[in-house]
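Observations on chain architecture
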Amino acid sequence: MKAAVLTFPGSNCDRDLAEGFRQAGASVEMVWHKETALPSGLDIIGIPGGFSFGDYLRCGAIAARSPICNAVVEFANKGGHVLGICNGFQVLCETGLLPGVLMRNAALKFVCRQQKLTVATSLSPYTSKYRKGSEIVIPIAHHDGNYSASGDVVTQLESEDRIAFRYAGNPNGSVADIAGVLSENRRVLGMMPHPERAVSKAHGNTGGAAMFTSLLEQMQTA
């Protein structure tokens, strides 16, 4: 599996995400936001957490208009896999690759803690090694993680089994406890929790490791 991890001014989880891919056996190239083309032969793009462009305007809005994101949208529209975590989830919503928007946390406070999640589906390249309905613990760290979407959008996500994870104890006010959503073709995933911070015993938690090994396994059998 070959992955590219994007870096924007203000990214602070790009190296963590790259290491998550590497621990699963992937090769990784780092890509600066001013590039206009992606490396050849990619299997997946990772858009990391952080505070791209200082979270000015709206979180992820400026990053979504960076030169490299034109290539990301084209890659996704051609069936490529894209994983956006935290700020990366915000970027994916701002590009239109995923529905909805990430708003300020309901309590208007930054939250940073270990968070229980319920696996809402195992039918995706990202979740195939989890059991639907199982609970995992993944760190969260965000100020604008309140996932908002219209009732029609939420109904569609639920009917199409496109909710990947739900919060077990909602930390930010997200509609329907949504912590992560999938695109229509299930190859784009955006999520607020940080699986790349839970892939090693050194992290004190390995709840995120199965996501990266799931991806590797799916790529090998595709």
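Residues numbered from 1 in each chain as written. Predicted model: local features only at pLDDT ≥ 70, side-chain atom pairs only at ≥ 80, totals over all residues. Heavy atoms only, no water.

Another aspect to go through is the side chain of Asn 172. With respect to the helices, strands and loops of the structure, Asn 172 is situated in the loop between strand 9 (163-167) and strand 10 (178-182). For Asn 172, the side chain forms a polar contact with the side chain of Ser 174, separated by 2.7 Å. What Asn 172 contacts, discounting residues up to four positions off in sequence, is Asn 105, Ala 106, His 142, Gly 145, Asn 146 and Tyr 167. (Helix = DSSP H or I, 4+ residues; strand = E, 2+ residues; numbered from the N terminus. Polar contact = N/O pair within 3.5 Å; in protein donor to acceptor, adjacent residues only side chain to side chain. Contact = heavy atoms within 4.5 Å.)

Those residues of helix 1 (residues 14-23) that fall on the buried side of the exposure criterion are Asp 14, Leu 17, Ala 18, Gly 20 and Phe 21. Down the axis of helix 1, the buried set is contained in an arc of 155°. They therefore lie on one face. On its buried face, helix 1 is in contact with strand 1 (2-7), strand 2 (27-32), strand 3 (44-47), strand 4 (81-85) and helix 5 (209-221). (Buried < 20%, exposed > 50% of the residue type's maximum accessible area, 1.4 Å probe, protein only. Arc of directions from axis to C-beta.)

A volume near 200 Å³ is recorded for the largest pocket. Considering the residues around the largest pocket, the lining is formed by 15 residues, among which Arg 58, Cys 59, Leu 102, Arg 104 and Asp 144 are closest to the centre. Secondary structure elements with two or more residues in the lining of the largest pocket: helix 3 (87-95) and strand 5 (101-103). Classifying every residue of the lining of the largest pocket by side-chain character gives 8 nonpolar, 2 polar and 5 charged. Computed from the structure, the second largest pocket encloses a volume of approximately 160 Å³. For the second largest pocket, the full set of lining residues is Ala 76, Asn 77, Gly 96, Leu 97, Leu 98, Pro 99, Arg 162, Ser 183, Glu 184, Asn 185 and Val 188. For the lining of the second largest pocket, a count of residues per class yields 5 nonpolar, 4 polar and 2 charged. (1 Å grid on protein atoms, 1.4 Å probe; cavity = no way out; pocket = protein on both sides within 12 Å on 5 of 7 lines; lining within 4 Å. Points joined across faces, edges and corners; volume = space filled by probe spheres on them. Nonpolar A, V, L, I, M, F, W, Y, C, P; charged D, E, K, R; others polar.)

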